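Here is what each chain is made of, one letter per residue.
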Amino acid sequence: MRAVIIDAPGSMGVGRLPDPTPKPDELVIRVGACGICGTDLHIVDGDSPLARYPIVPGHEFAGEVVAVGSNVPPGIGTRDTIMTVGTRVAVEPNLYCGHCEFCRTGHENLCLNYAAIGVTVDGACAEYVTVPATKAYVLPEQLSFREAALIEPISCAVHGMHRLNPKSGDTFLIVGAGTMGLILAQLALRSGATKVAVVDLNTQRLQRAKKLGVDSIHTDINKLLEDEPLGFDCVIDVTGVASAIEGAFAAVKRGGKLLVFGVAPSEARISLSPFRIYNDEITVLGSMAVLYSFGTAVNLLSCGTIDTAVMLTTALPLEDFPNALSMVRRGEGVKTQILPHG
Ligand SMILES: [Zn+2]
Ligand SMILES: [Zn+2]
């Protein structure tokens with residue numbers, strides 16, 4: 001099969017690998033669509049602490065089952081869990097050890113031996129990908145593979161909202177209007193928010209947020225705070241940029257919460273006022289990947305809660321992976337996807 005292969009940081013190309021066969025508990029998926037995100041940039045740049053090389057990237061994907069391992073139970077469970085050849089699925093890419101303290105206490109996303117398809121084992125920027133059957137979720141017929149490849153980022157946003165746990169009537173500020181910002185804005189709009197504001201430097205992305213029905217869009221957070229001096233109940237940073245996170249902190253209302261959702265470089269540092277955290281009772285939260293939120297994301301997409309058209313801007317063939325990466329790096333469009341079979 002053809003696959004994108006990252007041999008080492010900075011060295012990538014499209015090459016050939018043997019067609020995969022499933023181990024007893026695995027499925028082989030013919031990849032329909034695979035999204036690219038900042039994680040893939042980190043792997044190519046060599047600043048992902050988890051990545052192993054050589055690696056086939058690709059962790060946001062959907063496709064069709066073409067081979068089923070001998071141990072995968074046939075015909076048990078509900079219609080939603082039966083995996084046979086021809087079943088259309090999306091796949092949760094995170095792999096947990098099951099043995100560590102965190103796996104054994106319901107915090108699998110914090111696993112000490114955290115691994116992931118497309119990061120530590122070969123992913124879906126390829127014609128085929130092998131996955132544990134337990135990680136596959138059956139897709140409803142109406143969802144295209146391109147839409148379903150958004151389930152992984154949606155499931156991360158759902159976990160973020162679970163961490164934030166907003167109250168009805170809360171006001172939101174979302175800093176960053178890329179794919180994750182646009183998904184979080186939609187979840188916020190549906191959460192009983194009385195106001196959802198979005199900040200980004202990219203005016204095209206802001207226009208997309210506006211189309212989704214957010215209350216206001218802004219390029220300058222300081223100007224926004226002149227009009228909203230008390231700040232917002234729930235502020236979500238989706239940029240992972242230190243200065244933006246400091247700006248987001250300044251926009252948290254007394255008694256409010258800051259969710260650090262964007263992925264900052266591991267060596268980045270921010271400057272926060274501990275006095276303000278104490279005196280204004282500010283809660284600072286993190287949100288790491290997915291935790292029992294993948295099925296919820298399938299359901300949210302199935303019932304039309306999330307507008308996907310606003311995010312699905314670009315689809316390219318496998319050979320264009322380097323171009324796709326450059327687009328993501330330049331912030332062009334919103335979600336760039338690879339269609340390995342055209
Ligand atoms: Zn991703
Ligand atoms: Zn573990």
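Since this is a predicted model, take the numbers as computed values, not measurements.

Participant: So what's going on with the coordination of the zinc ion (ligand 2)? Which residues, and what values?
Facilitator: Protein-derived ligands of the zinc ion (ligand 2) are Cys97 (SG), Cys100 (SG), Cys103 (SG) and Cys111 (SG), with the metal-ligand distances lying across 2.3 to 2.4 Å. Note that the zinc ion (ligand 2) binds four donor atoms; their angles at the metal cover 100 to 117°, and the shape is tetrahedral. Donor residues for the zinc ion (ligand 2), ordered by position in the chain, follow C-x2-C-x2-C-x7-C. Taking relative accessible area as the criterion, Cys103 reaches 10% and is therefore assigned buried.

Participant: Go over the pairing of strand β4 (residues 60-68), please, and point to the residues and values.
Facilitator: As judged from the eight bridges shared by strand β3 (residues 26-36) and β4, these two strands associate in the antiparallel manner. Looking at β4, one finds that Val31 is bridged to Gly63. In the sheet, β4 pairs with strand β5 (residues 88-91) via three bridges, with the strands oriented antiparallel. By the bridge assignment, Glu64 is partnered in β5 with Arg88.

Participant: Explain the pairing of strand β11 (residues 195-199) residue by residue, including any values.
Facilitator: Most of β11 is tucked away, with four of its five residues classed as buried. The pairing of strand β10 (residues 171-175) with β11 spans five bridges and is classified as parallel. Looking at the pairing, Ile174 lines up with Val198 of β11. One crossover worth recording links β10 to the parallel β11 by way of helix α4 (residues 179-189), and it is right-handed. Pairing analysis gives three bridges linking β11 to strand β12 (residues 216-218), with the strands arranged parallel. Counterpart to Val198 in the pairing with β12 is Ile217.

Calculation notes
Residues numbered from 1 in each chain as written. Chains lettered and ligands numbered in written order. Predicted model: local features only at pLDDT ≥ 70, side-chain atom pairs only at ≥ 80, totals over all residues. Heavy atoms only, no water. Donors = N, O, S within 2.8 Å, 3.2 Å for Na, K, Ca; no water. Tetrahedral: all angles 85-135°; square planar, octahedral: opposite > 155°, others 65-115°. Buried < 20%, exposed > 50% of the residue type's maximum accessible area, 1.4 Å probe, protein only. Pairing = 2+ DSSP bridges. Helix = DSSP H or I, 4+ residues; strand = E, 2+ residues; numbered from the N terminus. Right-handed = clockwise from strand over helix to strand, strands pointing away.

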